[in-house]
Amino acid sequence: MDLTRGSEKDRRNRAKKMMLLFAIISMVMMFAGLTSAYVVSKSRPDWLTEFDLPKSFIWSTIVIVVSSITMFLAKKNIIAGNRTNGTAFLIGTLVLASVFVVFQFQGFASIVEEGYYFTGSESTITTSFIYVLVLAHLAHLAGGLVVLLVLIYNHFKQRYYNGQTLGLELGATFWHFLDLLWVYLFFFLYFFR
């Protein structure tokens, strides 16, 4: 494939897509390393085997899956030129993302209420791993919230239209990746206790 072919705009668009791909690959590698360490640590004698994830994490999983659907619908409507529905679905995605964060912190609070701590002398290796995995995802989600705000801003400035949707496509791809990442982490933590 000749990368010099195409217009300057096409080359820039390919470069932006590649940068997002590299970022996603690096995040996958980071979480693969963390979950691998989790699996290896399960053989420790101090590993909690009776620990259950809080119900808030189940609700947050449902919310983030729905947010992926609203992002898909936002992108579809914006590309089709339906600005009103596109706006509603973009804002809906932002609201759902905020609800996801609230559920995550409720989950942390539930764990602490049960007497399990994430750091310090009263912490366990199990809860420390959960803390690191969920907080690392929340840090990436903070980036996703910024992406959503940029998408909403650019949408209101009418920067997305037929043939000019790269930013929307990249933002939607990143959002769907974050959603899939959380679903993976949730099922991993749920089934690998």
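Residues numbered from 1 in each chain as written. Predicted model: local features only at pLDDT ≥ 70, side-chain atom pairs only at ≥ 80, totals over all residues. Heavy atoms only, no water.

**A closer look at the overall build of the protein chain**
Summing up its helical and strand segments, the protein chain has 5 helices and 0 strands in all. Moving toward the C terminus, one meets the helices and strands of the protein chain in the order α-α-α-α-α. In terms of overall dimensions, the protein chain has a C-alpha envelope of 60 × 40 × 25 Å along the principal axes. Considering only contacts within the protein chain whose residues lie at least 6 apart along the sequence, 79% involve residues at least 24 apart. Each charge class in the protein chain was averaged separately, 16 positive and 11 negative side chains, and the resulting centres sit 16 Å apart. (Helix = DSSP H or I, 4+ residues; strand = E, 2+ residues; numbered from the N terminus. Contact = heavy atoms within 4.5 Å. Lys, Arg positive; Asp, Glu negative; His and termini not counted. Charge placed at Lys NZ, Arg CZ, Asp CG, Glu CD.)

**Overview of the nonpolar core**
Counting residues in hydrophobic clusters, the biggest one holds 48 residues, and the most contacted among them are Phe-57, Phe-100, Ile-130, Val-134, Leu-141, Trp-182 and Leu-189. Those elements that place two or more of their residues in this core are helix 1 (8-41), helix 2 (55-79), helix 3 (83-113), helix 4 (125-156) and helix 5 (166-191). Broken down by element, this core gets its largest block of residues, 14 residues, from helix 5. Not counting the four nearest positions on each side in its chain, Phe-57 is found in contact with Phe-103, Gln-104, Gly-107, Phe-108, Ile-111, Ile-130, Val-134, Trp-182 and Phe-186. (Core = buried A, V, L, I, M, F, W, Y, C linked by side-chain atoms within 4.5 Å. Buried < 20%, exposed > 50% of the residue type's maximum accessible area, 1.4 Å probe, protein only.)

**Notes on unusual backbone geometry**
One non-glycine residue with positive phi stands out, namely Gln-158, at about 60°. Position of Gln-158 relative to the elements: it lies in the loop between helix 4 and helix 5.

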